[in-house]
Amino acid sequence: MSPSASSFLTSAPADLARAAELLRQGACVALPTETVYGLAADATNPAALAQVFAIKGRPLLDPLIVHVLEQAALAEVAEPDPRLALLAPLWPGPLTVVLRRKSVVPDLVTAGKDTVAVRIPAHPLFREVLRLAGRPLAAPSANPFGYVSPTKAAHVRDSLGERCPWIVDGGACAHGVESTILDLSVPGRARLLRPGPIPLEKLRELLGEIEVVTRAANQQAAQDAPGMLERHYSPATRVVLFPNGTLPVIANLRSAVLFLGRRAHAPANADVFLLSEDGSTEEAARNLFDLLRQLDARGYETIHAELAPPAGIGAAYNDRLTRAAAR
Ligand code: TXA
Ligand code: MG
């Protein structure tokens with residue numbers, strides 16, 4: 001029943017019903033979210049979950065995010081936490097919360113840990129498929145393990161190919177970087193595990209003090225969550241960063257420069273690309289993975305990329321670029 005190459009499904013009701021039926025039967029389907037495309041599977045079906053790991057080439061030690069339709073459904077997979085009520089204004093949206101798991105959650109989802117990551121996505125197509133499937137959906141980003149996340153349906157086809165036969169095409173993702181991950185699994189303690197579209201500033205307004213888990217600490221904890229490895233989101237081409245508002249030093253003949261916005265002066269010995277016309281960090285984040293993928297296919301020796309001011313989504317943008325640059 002699966003096609004020999006990837007087939008695109010559309011937002012038409014019959015296609016979304018098909019996607020939900022495929023998921024109920026244990027197939028994997030790539031779905032758009034407001035952050036990046038996810039490779040979804042029935043979170044209650046271990047055989048379907050095993051396929052997700054196989055398709056991505058992902059180590060079984062790296063746990064998956066479970067997506068549900070509403071806050072009430074969180075209780076089916078995770079222990080309730082009084083702080084969740086404070087986060088209600090952010091849901092549905094690009095926020096993932098790590099909570100203590102319920103035992104019904106398959107070990108493959110949690111990598112055998114006693115916690116589970118949960119998220120209530122806002123994308124209307126993902127939500128409609130969730131509603132029709134009638135069960136929680138586990139979904140990591142729909143890219144080969146370690147590579148740049150997909151923000152368009154074509155990215156999924158290009159990097160997973162026929163390993164991912166079904167892709168729902170919802171156009172380009174609104175945020176372009178993965179969800180913010182907040183760990184609430186220890187009572188009285190809140191930790192930011194991954195910066196994302198919901199900025200730390202916003203979480204502190206709602207919750208008070210939040211610890212930030214540094215990249216170095218994540219390296220140490222890599223056995224807990226290999227998805228937090230320093231070298232992640234990496235194109236094959238070498239990426240070199242330069243500070244916001246400065247000019248890069250170009251040493252190679254085949255160099256590309258990624259600027260955050262339009263510049264009066266640009267290096268003459270490199271090809272110049274803009275992540276945003278007017279220097280908007282939101283727009284730059286939305287375009288980052290798409291441009292990295294395009295440039296990766298063009299045989300540059302080095303991609304020089306401009307860091308963003310660290311406010312708002314800038315922290316997530318800088319985090320992903322820093323990981324892309326890590327060797
Ligand atoms: O925006 C997103 O979050 C996308 C969309 C599809 O929802 N998903 C996504 O999933 O980025 P993934 O698997 O690529 O990244 C999830 C990260 C991984 O680094 C994983 O290690 C971590 O979340 N994670 C999952 N469960 C966890 C847990 N119980 N404790 C700590 N980290 C966890
Ligand atoms: Mg990922």
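Position numbers for residues start from 1 in each chain and track the written sequence from start to end. For this description, chains carry letters from A and ligands carry numbers from 1, given in the order in which they are written. The model is predicted, so local features are restricted to residues of pLDDT at least 70 and side-chain atom pairs to those at 80 or more, both for listing and for counting; the totals for chains, interfaces and linings are taken over all residues. Working from all heavy atoms in the structure, the side-chain values ignore hydrogens and water.

Caption draft 1: Layout of the overall build of the protein. A helix here means a DSSP run of H or I that spans at least four residues, while a strand means a run of E at least two residues long, and both kinds are numbered starting from the N terminus. Helix and strand counts for the protein come out as eleven helices and 15 strands. Only C-alpha atoms enter the radius of gyration; for comparison, a globular chain is expected to reach 2.2 Å times N to the power 0.38, where N is the number of residues. In terms of C-alpha radius of gyration, the protein reaches 19 Å, essentially the compact-globule figure of 20 Å for 327 residues. With the principal axes as the frame, the protein shows a C-alpha extent of 60 × 50 × 35 Å. The 327 residues of the protein split such that 56% are buried. Residues are treated as being in contact if the distance between any of their heavy atoms lies within 4.5 Å. Partitioning the contacts of the protein with sequence separation of at least 6, the portion at a separation of at least 24 is 64%. Total accessible area computed for the protein in this model is approximately 13300 Å², and 55% of it derives from carbon and sulfur atoms. Exposed residues in this analysis have more than 50% of their type's maximum accessible area, buried residues have under 20%, and partly exposed residues fall in between, with area computed by a 1.4 Å probe over protein chains only. What sets the accessible areas is the Shrake-Rupley method with a 1.4 Å probe; for residues, cover comes only from the shown protein chains.

Caption draft 2: Region of the structure containing the domain arrangement of the protein. Boundary definitions for the domains trace back to an automatic or database domain assignment. Once the domains are mapped, the protein shows domain 1 (8-221) and domain 2 (238-325). Relative to domain 2, the C-alpha centre of domain 1 lies at a distance of 27 Å. Taken residue by residue, the interface counts 25 residues in domain 1 and 15 residues in domain 2. For the domain 1 and domain 2 pair, buried surface summed over both sides reaches about 1700 Å², with 52% attributable to carbon and sulfur atoms. The rule for a salt bridge is simple: a side-chain nitrogen of Lys or Arg has to be within 4 Å of a carboxyl oxygen of Asp or Glu. Summed over the shared surface of domain 1 and domain 2, the number is two salt bridges. The salt bridge involving glutamate 178 is made with arginine 320; its shortest N-O contact spans 2.6 Å. Buried area is calculated as the accessible area (1.4 Å probe) missing from two parts once they are joined, with the contributions of both summed.

Caption draft 3: Representation of the site of ligand 1 in the model. Any residue with a heavy atom lying within 4 Å of a molecule or strand is counted as near it. What surrounds ligand 1 is a group of 27 residues, the closest being Thr35, Asp62, His67, Ser141 and Ser179. Between ligand 1 and arginine 119, the relevant distance is 3.0 Å, taken from an oxygen atom to a side-chain nitrogen or oxygen of the residue. Pairs of N or O atoms are called polar contacts if they sit within 3.5 Å, as long as, within protein, a hydrogen donor faces a hydrogen acceptor (for residues adjacent in sequence, only side-chain-to-side-chain pairs). Interatomic distance of 2.9 Å between a side-chain N/O atom of arginine 194 and an oxygen atom of ligand 1. Relative to its unbound accessible surface of 680 Å², ligand 1 loses 97% to contact with the protein. Among the secondary structure elements, those contributing two or more residues to the shell around ligand 1 are β4 (65-67), β6 (115-119) and β10 (191-194).

Caption draft 4: Representation of helix α8 (residues 200-207). Taken residue by residue, α8 has Leu200, Leu203 and Leu207 as its buried positions. Looking straight down α8, one finds that the buried residues subtend no more than 60 degrees of arc, so they occupy a single side. Where α8 is buried, its residues touch α4 (84-87), β5 (95-100), β9 (180-183), β10 and β11 (211-212). Think of the arc as the fan of directions from the helix axis to the C-beta atoms.

Caption draft 5: Representation of the nonpolar core. Counting 47 residues, the largest nonpolar core has Leu87, Leu95, Leu182, Leu184 and Leu203 as its most contacted members. Going through the elements one at a time, β3 (38-42), α2 (46-56), α3 (71-74), α4, β5, β6, α7 (153-160) and α8 are the ones with two or more residues in this core. When residues in this core are grouped by element, the largest group, five residues, is from α2. In this text, buried Ala, Val, Leu, Ile, Met, Phe, Trp, Tyr and Cys residues form a nonpolar core when linked through side-chain atoms within 4.5 Å.

Caption draft 6: Spotlight on the packing of aromatic side chains. When two rings of Phe, Tyr or Trp (its six-membered ring) have centres within 6.5 Å they constitute a pair, described as stacked for plane angles under 30 degrees, edge-to-face for angles over 60, and tilted for the intermediate range. A complete count under the given rule lists two aromatic pairs for this structure. Taking the centre distance of 5.8 Å and the plane angle of 85 degrees together, the rings of phenylalanine 242 and phenylalanine 259 count as edge-to-face. Here phenylalanine 242, found in strand β12 (residues 238-242), pairs with phenylalanine 259, found in strand β13 (residues 255-259); they are 17 residues apart in sequence, far enough to count as distant. By relative accessible area, phenylalanine 259 is classed as buried at 0%. Over the ring of tyrosine 300 we find arginine 254; its NZ or CZ atom is 4.7 Å from the centre of that ring. Throughout this description, the term charge over a ring refers to an Arg CZ or Lys NZ atom that lies within 6 Å of the ring centre and within 35 degrees of the ring normal.

Caption draft 7: Seen up close, the environment of alanine 72. Tracing the chain through its elements places alanine 72 in helix α3. Residues alanine 72 and isoleucine 313 lie 241 residues apart in sequence; the distance between their C-alpha atoms is 28 Å.

Caption draft 8: Representation of unusual backbone geometry. Omega for the peptide link from tryptophan 91 to proline 92 comes to -5 degrees, which places this bond in the cis form. When you line up the elements, proline 92 lands in the loop between α4 and β5.

Caption draft 9: Geometry of the sheet that holds β13. Pairing is parallel in the open sheet, where four strands are placed in the order β12-β15-β13-β14. Since the sheet does not close on itself, it has two edges, and those belong to β12 and β14 (271-274), each with one partner. On average, each strand axis in the sheet is tilted by 25 degrees relative to the strand beside it, whichever way the strands run. A pair of strands is considered paired only if DSSP assigns at least 2 bridges between the two. Note that β12 and strand β15 (residues 302-306) share five bridges and pair parallel. Its bridge partner being in β15, phenylalanine 242 is matched across the sheet by glutamate 306. Where helix α10 (residues 281-296) meets the sheet, its contacts fall on β13, β14 and β15, and the angle it forms with β13 comes to roughly 170 degrees. The sheet strands contacting helix α11 (residues 314-325) are β12 and β15, and the helix crosses β12 at an angle near 135 degrees. The axes used here are C-alpha line fits, helices contributing only the stretch in contact, and every angle between their N-to-C directions lies in the interval 0 to 180 degrees.

Caption draft 10: Main features of the packing of α10 against α11. Taken N-terminus to C-terminus, the directions of α10 and α11 make an angle of 30 degrees; their axes are 9 Å apart at the nearest point. Our classification of the angle between α10 and α11 gives roughly parallel. Read as a crossing pair, α10 and α11 show a hand that is left-handed. Residue-level inspection shows Thr281, Ala284, Ala285, Leu288 and Phe289 of α10 in contact with α11, the latter providing Gly314, Tyr317, Arg320 and Leu321. Class assignment of the residues belonging to the contact of α10 with α11 gives a composition of six nonpolar, two polar and one charged. Convention used here: angles under 35 degrees read as roughly parallel, angles over 145 as roughly antiparallel, angles from 65 to 115 as roughly perpendicular, and any remaining angle as oblique. A clockwise turn of the near helix away from the far one marks a right-handed crossing, whereas an anticlockwise turn of less than a right angle marks a left-handed crossing. Residues are grouped as follows: Ala, Val, Leu, Ile, Met, Phe, Trp, Tyr, Cys and Pro are nonpolar; Asp, Glu, Lys and Arg are charged; all remaining types, including Gly, are polar.

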